[in-house]
Amino acid sequence: MIRLRGWDPVMGMNLRNARIARHNSSAAIRLVNDKHATKEALASVGAPTSPTLALLRSRREIAALDWDGLPDTWALKPNQSLGGNGILLAFGRRRRNWTSSSGKRITRELVADQLRRILDGDFSPRPTDWALFEPLIRAHPDLARLSHQGLPDIRVICDRDRPRLAMLRLPTRFSGGRANLHQKAIGAAVDLSTGRITHALVGKEPTETHPDTGARLIGATVPHWPEVLDAARRCAAATGLHYLGADIVVDADRGPLILEVNARPGLQIQNVTGHGLMAPTTPPRRPR
């Protein structure tokens, strides 16, 4: 475990919850729990986010879905899922069907069944939900080479439009390709001014290289870093949240995209970066 510097006040769960209650309205929290509404809000302030290819609100719309109009690759997501549950990814087309990342066949019948489960609220805290098709995101090659399969993402904690801390989350074999720190994904501290990785943890253990790929992490730079920070800065104006966690991916073709905005971001980023969230920070330099 990295020891936080003695002069960095650490934010605990009670302080975090008090800050959220004081600064994040219930309306703003409801907004970011709705992926489709959040994307529309982000687009209204010019923040980059993945477009919606199709939005299904009822079983009747499954029957009317233009299957041939879907692209060769896509991501199917519940609108209000928790923890990334219910997501189905297509990496290619094979005649009438699609293929998974491992090459397994994804039939139209399988997709229709997943759509019904999403609409029935199987992956949502509510009794019913909507389903979204989005373009499949492919990691920027500079990040893909640091990761083991899956999709790396960047978590930026913001106080209104001011980034406070940032980390890169890298999937591992142990995490099953998910960028989830609790499943032993790598948490890598990112310097706000430069976008460079300064140190990294797997669980509580420091590491300088990725345990599966052998890629050196320390000193690597997150591509499009000024644009990543600019995207994070726009989240408060878009959502009304004053304390938030912006989850951002860097697509190989489209650059930074806001994947999600969190009204209750976790506190593990303090251990990863070695900085407490209660500490005063110097804002990162804006590019000229």
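Rules used in this analysis
Residues numbered from 1 in each chain as written. Predicted model: local features only at pLDDT ≥ 70, side-chain atom pairs only at ≥ 80, totals over all residues. Heavy atoms only, no water. pLDDT = per-residue confidence, 0-100. Helix = DSSP H or I, 4+ residues; strand = E, 2+ residues; numbered from the N terminus. Contact = heavy atoms within 4.5 Å. Patch = residues over 30% accessible without salt bridge, like charges linked within 9 Å, V, L, I, M, F, W, Y side chains within 5 Å. Areas by Shrake-Rupley, 256 points an atom, 1.4 Å probe, with all protein chains shown as cover. Salt bridge = Lys/Arg side-chain N within 4 Å of Asp/Glu carboxyl O. Phe/Tyr/Trp six-rings, centres within 6.5 Å; stacked < 30°, edge-to-face > 60°. Lys NZ or Arg CZ within 6 Å of the ring centre and 35° of its normal. Expected span 1.5 Å × (residues − 1). Buried < 20%, exposed > 50% of the residue type's maximum accessible area, 1.4 Å probe, protein only. Arc of directions from axis to C-beta. Pairing = 2+ DSSP bridges. Core = buried A, V, L, I, M, F, W, Y, C linked by side-chain atoms within 4.5 Å.

**Q** Where do I start with the confidence of the model for the chain in this structure?
**A** Any segment with low pLDDT has predicted coordinates that should not be analysed in fine detail. Here the chain shows a mean pLDDT of 91. Residues at 70 or above account for 94%. Across the chain, element-level confidence peaks in helix 7 (residues 225–233) with a mean pLDDT of 98 and bottoms out in helix 1 (residues 13–23) with 86. Under a pLDDT of 50 for its full length, residues 1–5 has, in the predicted model, 15 contacts with residues more than four places off or in other chains.

**Q** Which parts of the structure should I look at to understand a nonpolar patch on the surface?
**A** A grouping of Ile-87, Leu-89 and Phe-91 is seen on the molecular surface, where their side chains present a nonpolar patch of about 210 Å² in accessible area. Relative to the elements of secondary structure, Phe-91 occurs in the loop between strand 3 (88–90) and strand 4 (92–94).

**Q** Can you help me understand the packing of aromatic side chains in this one?
**A** Working definition: an aromatic ring pair is given by the centre-to-centre distance plus the angle between the planes. Considering all chains together, one arrives at three aromatic pairs under this definition. The interplanar angle of 70° and the centroid separation of 5.5 Å between the aromatic rings of Trp-74 and Trp-98 together place this pair among those described as edge-to-face. Remark: Trp-98 occurs in strand 5 (residues 97–99) and Trp-74 occurs in strand 2 (residues 74–78); sequence separation between them is 24 residues. In this structure an aromatic cluster arises from ring pairing among Trp-67, Trp-74, Trp-98 and Phe-133. Over the face of the ring belonging to Trp-130 we find Arg-57, whose NZ or CZ atom lies 4.9 Å from the ring centre.

**Q** Honestly, helix 5 (residues 108–119) in this entry has me stumped. Any pointers?
**A** Every α-helix winds through 3.6 residues per turn, so residues three or four apart in the chain are directed the same way. Compared with the 16 Å implied by 1.5 Å per residue over twelve residues, the 16 Å span of helix 5 between its first and last C-alpha is a close match. Among all positions in helix 5, only Arg-108, Val-111, Ala-112, Gln-114, Leu-115, Ile-118 and Leu-119 are buried. The arc that holds every buried residue of helix 5, seen down its axis, measures 160°, which confines them to one face. Where helix 5 ends, the next residue or the one after it, Gly-121, has phi of about 80°, a positive value.

**Q** What exactly am I supposed to notice about the pattern of salt bridges here?
**A** Working definition: two side chains of opposite charge can pair if their charged atoms are close together. Scanning all chains against the criterion turns up 14 salt bridges. Between Lys-39 and Glu-134 there is a salt bridge, and its shortest N-O distance comes to 2.9 Å. Placement of the pair is Lys-39 in helix 3 (residues 35–44) and Glu-134 in strand 7 (residues 131–134), with a sequence separation of 95 residues. An identical accessibility class is assigned to Lys-39 and Glu-134; each is buried. Here Arg-234 ties to Asp-230 by a salt bridge, and the two come within 2.9 Å at their closest N and O atoms. A relative accessible area of 31% places Arg-234 in the partly exposed class. Residue Asp-230 is classed as partly exposed on the basis of its relative accessible area, which comes to 31%. A single network of salt bridges, built from pairs that share partners, joins Asp-153, Arg-155, Arg-169 and Asp-247.

**Q** I would appreciate a short explanation of the pairing of strand 8 (residues 153–159) in the present structure.
**A** Put simply, side chains in a regular strand alternate between the two faces of the sheet. When you tally the buried positions in strand 8, you get six out of seven residues, the bulk of the element. Where strand 8 lies against strand 9 (residues 162–170), seven bridges are found, and the strand directions are antiparallel. In the sheet register, Ile-157 faces strand 9, and the bridge partner there is Leu-165. Where strand 8 meets strand 13 (residues 243–251), six bridges bridge the pair, whose relative direction is antiparallel. Within strand 13, the position partnered with Ile-157 by the bridge is Gly-245.

**Q** Help me understand the nonpolar core, please; the structure alone is not making it clear to me.
**A** In globular proteins that are soluble, nonpolar side chains generally tend to be buried together. Among the nonpolar cores identified, the biggest contains 54 residues, and Leu-146, Leu-168 and Trp-225 are the most heavily contacted of them. Those residues in contact with Leu-146 that sit more than four places away from it in its chain are Leu-168, Leu-170, Ile-197, His-210, Thr-213, Ala-215, Arg-216, Leu-217 and Ala-220. The next biggest cluster of nonpolar side chains, apart from the first, holds 20 residues, and it includes Ile-62, Leu-119, Ala-131 and Phe-133.

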